[in-house]
Amino acid sequence: MSSSPCAEADPRASTARGSQAPPDGAGARLGALVARHRWAVLWTTALLLAVAAAVGAGLPARLSHGGFTNPGAESGRALEAVEHHYNAGGTSTVVIFRSETLTVHDLEFGEAVRTALGDVPRTVMAGAQHYWNTGKRELLSADGHAACVVVGLAGTGDQAKDASYERLRRLLHVDGFTVAYAGEVPLQVDLDRTVDDDLTRAELYVFPLLFLLLLLFFGSLTAALLPLAVAGTSLAMSFAVLRLLSPLVPVSYITRNVVVMIALGLSVDYALFVVVRFRRELRHRGDPHRAVAATMATAGHTVLYSATAISLAVLGLTLLPFPITRSLGIGAAVTVALAGAASLTMLPAVLAVLGPRVEAGCVRLPGFGRAGLGRAWAEGEETGFWYRLGRSAVTHPWAWLTAAVAVIAVLSVPVVGLHLAASDLRTLPAGAASRRAQELLHEDFPAAGLDQLQVVAHLRDDIGGEPGRTALAHWQQRLAGLPNAQDVRLRATTAHSALMSVTAPAAPDAPVAEELVRAVRALDPPDGGRVLVGGPAAVNVDVLDTLKARLPALVGYLLVVTFGLLFLAFRSLLVPLKAVVTTTMSLGIAFAAVTWTVQDGHGARLLGLQPAGYVGALESAIMLMFVFALSVDYELFLIAQIRELHRGGMDNASAVVTGLGRTGGLISAAAALIVLVAAAFATSPVLTVKEIAIGVVVAVAVDATVVRMLLVPATMRLLGELNWWTPRLRRRTAPSGPRPEPLRDLGAVE
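Below is a short write-up of the structure. Here the structure is a predicted model, which is why all the values come from computation and not from measurement. (Residues numbered from 1 in each chain as written. Predicted model: local features only at pLDDT ≥ 70, side-chain atom pairs only at ≥ 80, totals over all residues. Heavy atoms only, no water.)

1. Remarks on empty space enclosed by the protein
Consideration 1: Scanning the model with the defined rule gives 4 cavities of 30 Å³ or more in all.
Consideration 2: Estimated volume of the largest cavity: approximately 150 Å³.
Consideration 3: Along the wall of the largest cavity there are 13 residues; nearest its centre are M261, I262, L630, I674 and V696.
Consideration 4: Residue contributions to the lining of the largest cavity peak at 4 residues, all from helix α10 (residues 253-285).
Consideration 5: Residues belonging to the lining of the largest cavity are distributed by class as follows: 12 nonpolar, 1 polar and no charged. (1 Å grid on protein atoms, 1.4 Å probe; cavity = no way out; pocket = protein on both sides within 12 Å on 5 of 7 lines; lining within 4 Å. Points joined across faces, edges and corners; volume = space filled by probe spheres on them. Helix = DSSP H or I, 4+ residues; strand = E, 2+ residues; numbered from the N terminus. Nonpolar A, V, L, I, M, F, W, Y, C, P; charged D, E, K, R; others polar.)

2. As for the nonpolar core
Burial of nonpolar side chains together is a common tendency in soluble globular proteins.
Consideration 1: The biggest cluster of nonpolar side chains holds 170 residues, and the ones touching the most others in it are Y270 and L272.
Consideration 2: Tallying contributions element by element places helix α23 (residues 617-647) first for this core, with 21 residues.
Consideration 3: Excluding residues that lie within four positions of it along the chain, Y270 makes contacts with V303, S306, A307, I310, V336, A339, G340, S343, D633 and F637. (Core = buried A, V, L, I, M, F, W, Y, C linked by side-chain atoms within 4.5 Å. Buried < 20%, exposed > 50% of the residue type's maximum accessible area, 1.4 Å probe, protein only. Contact = heavy atoms within 4.5 Å.)

3. Section: the pattern of salt bridges
Opposite charge on two side chains makes pairing possible when the charged atoms of those side chains draw close.
Consideration 1: Enumeration according to the criterion identifies 21 salt bridges in this entry.
Consideration 2: Taking the shortest distance from any N to any O, the salt bridge between R193 and E166 comes out at 2.8 Å. One end of the pair, R193, is in helix α8 (residues 184-218); the other, E166, is in helix α7 (residues 158-171), and 27 residues separate them in sequence.
Consideration 3: Given a relative accessible area of 24%, E166 falls into the partly exposed group. (Salt bridge = Lys/Arg side-chain N within 4 Å of Asp/Glu carboxyl O.)

4. As for the pairing of strand β10 (residues 497-503)
Consideration 1: When you tally the buried positions in β10, you get 7 out of 7 residues, the bulk of the element.
Consideration 2: Neither face of β10 is exposed, since S497, L499, S501 and T503 on one face and A498, M500 and V502 on the opposite face are all buried.
Consideration 3: The pairing of strand β8 (residues 453-458) with β10 spans 6 bridges and is antiparallel. Bridge pairing in β10 places V455 opposite M500.
Consideration 4: Note that strand β9 (residues 486-493) and β10 share 5 bridges and pair antiparallel. Within β10, the position partnered with Q486 by the bridge is T503.
Consideration 5: Connecting the antiparallel pair β9 and β10 is a turn made up of 3 residues. (Pairing = 2+ DSSP bridges.)

5. Section: the packing of aromatic side chains
What describes a pair of aromatic rings is the distance from one ring centre to the other and the angle between the planes of the rings.
Consideration 1: Taken as a whole and assessed by the stated rule, the structure comprises 9 aromatic pairs.
Consideration 2: Centre to centre, the rings of F109 and W132 are 5.8 Å apart; their planes meet at 25°, and the pair counts as stacked. Here F109 is found in helix α5 (residues 107-118), whereas its partner W132 is found in helix α6 (residues 131-134), with 23 residues between them in sequence.
Consideration 3: Given the relative accessible area of 22%, W132 is considered partly exposed.
Consideration 4: Taking the centre distance of 4.9 Å and the plane angle of 80° together, the rings of F109 and F177 count as edge-to-face. Here F109, found in helix α5, pairs with F177, found in the loop between α7 and β5 (178-183); they are 68 residues apart in sequence, far enough to count as distant.
Consideration 5: For F177, a relative accessible area of 12% corresponds to the buried category.
Consideration 6: Taken together, the ring pairs connect F109, Y131, W132 and F177 into an aromatic cluster. (Phe/Tyr/Trp six-rings, centres within 6.5 Å; stacked < 30°, edge-to-face > 60°.)

Written out as structure tokens, the structure is:
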């Protein structure tokens, strides 16, 4: 084997090469198979990548809107009824015409609005309702200088309505008037456009920064490029799969961005672990094919379990009946599976081809010679910082355990004030045109009832007859008599139904608004009829109620998946239990972080956000799944190394110290890469993306340091050999090599 320009002499390598036992197991056989057929694997990957690029190119045209409400909930059914009874057809956009010189009572004002609307073809606007064709004074502003028009956009489906909206904006121009657009479609178009800009910015900055960090870690241009190649491959294939799934499962713009964040983070993480292990095995074994087999038997085995665990965990989001969570659950699971597949097939094939040339293009780093941080941190296990930290944690476990728990407890304090609510227009930046228009609609047209509590009453008797009118009037009177029910108005009627609006005295996420929704729903409907309650406050209630109802199943699913896979991976009862407890601690810190920042506004200027006063309920469920999955990921990589050493003959304490020494720097580097990716998305002005990213950044940073580097080693020292105890299922396996000497002078447990 030719010497690599970046490879430094390793005094252990010359003796180790002759004494290394050949790798065994399914992972080793997979590695040997991939190495033997490396070119076939690479050509197949290239072919699949070309097909994926062609298919994935059609994904943007298939992306959908929203998905944050439960269509089967009462508020969803009420929305359908409101659209049918009140709107002019299609999905509504509210157009606000304002003149600083004319009032709505001037003939010129009405003539200008009617002329502008008359010039819009039916292929764009299915219909319109305004003061001049309905006589409804609530469609006029309180100051008399503005009028709103409820427009039904032509077309079926999100893409068609978006096209109609964009054409409407181009066609509606009135000299001397300002025209603003509020409603569902303008809000969603602005949201999607902002999220699209986020993705472009992330791709522009994240890839170069990831490359610089990987170069710092590896000290080799070739090695640094490999994780990025895996990330690019998994991303391209993920987009193709999402495109194929889009007719069956709505895929939103936010789903695409979160998938990119996961693909970049986990692909780089998996490739990092595989490449580092390959470099070590190559120095010890000499032959690239044997090094690949050994790498797959160890790091590959862990990657397989990690990808399986995370894929199954995020699939739990499909248990929630919201289109956005189902879309994210499936998209994330596919992405993680593809990241794992690329790391177990394409990457080892490339490593088998490169061999020692994986060190090509070495870069000298001051203080680290030519080896990069990977050698300095991950492989100097008996002299480095992480070894010394592990030795201290094992020597003084109670002190480190107490300190770690205290830090976690302090950081988790803000979660006490957590206030969950359904996301609203505040998820958009304050400067977004549609958000400003929506706020103007609320301020200038409070009587229009377009963003108030909306009540649809279905009656048995015809409202045109005396019995029906009497029943409706009586029920409306009872509705107006409810506590906190203000300004109850009849908006529209059909033969057997009536639409009413009710003003709540507070914001939709306030407790008094929730109480009003529940009071209206508890009110007995008209004789022989039924009532549907909708509007923002009702949506908030339904989202929270749905989450509360499904949370036990979601948590149970997570616990079963996590415990089951960790038990299979380590044949231990206490390791999975410990992982669940420590991961719960990381979750507490994540929720505390978003409470402190997004809800309460601390660091708002630095983070570029306006305090929302709440934490998004669905965003919290999504964050819960991702943080839980990433925490289990780091647990797997750390415990896998410790178990490998323990099975090789080391006692528990020695295995913990050496395992932390070998993986501490590696896990820290992997966490830094995920933090970098998530931090890039945390700069998004969209609150939904920002909230998830902030939670991931803080949780991963604390989990990879305080939890995995201090709490876990101290706990494993205190549990001793109980870490590896399995009731009646444990098979005793003879050590596979000579028993290493135990660590000396660890001292008593303090």
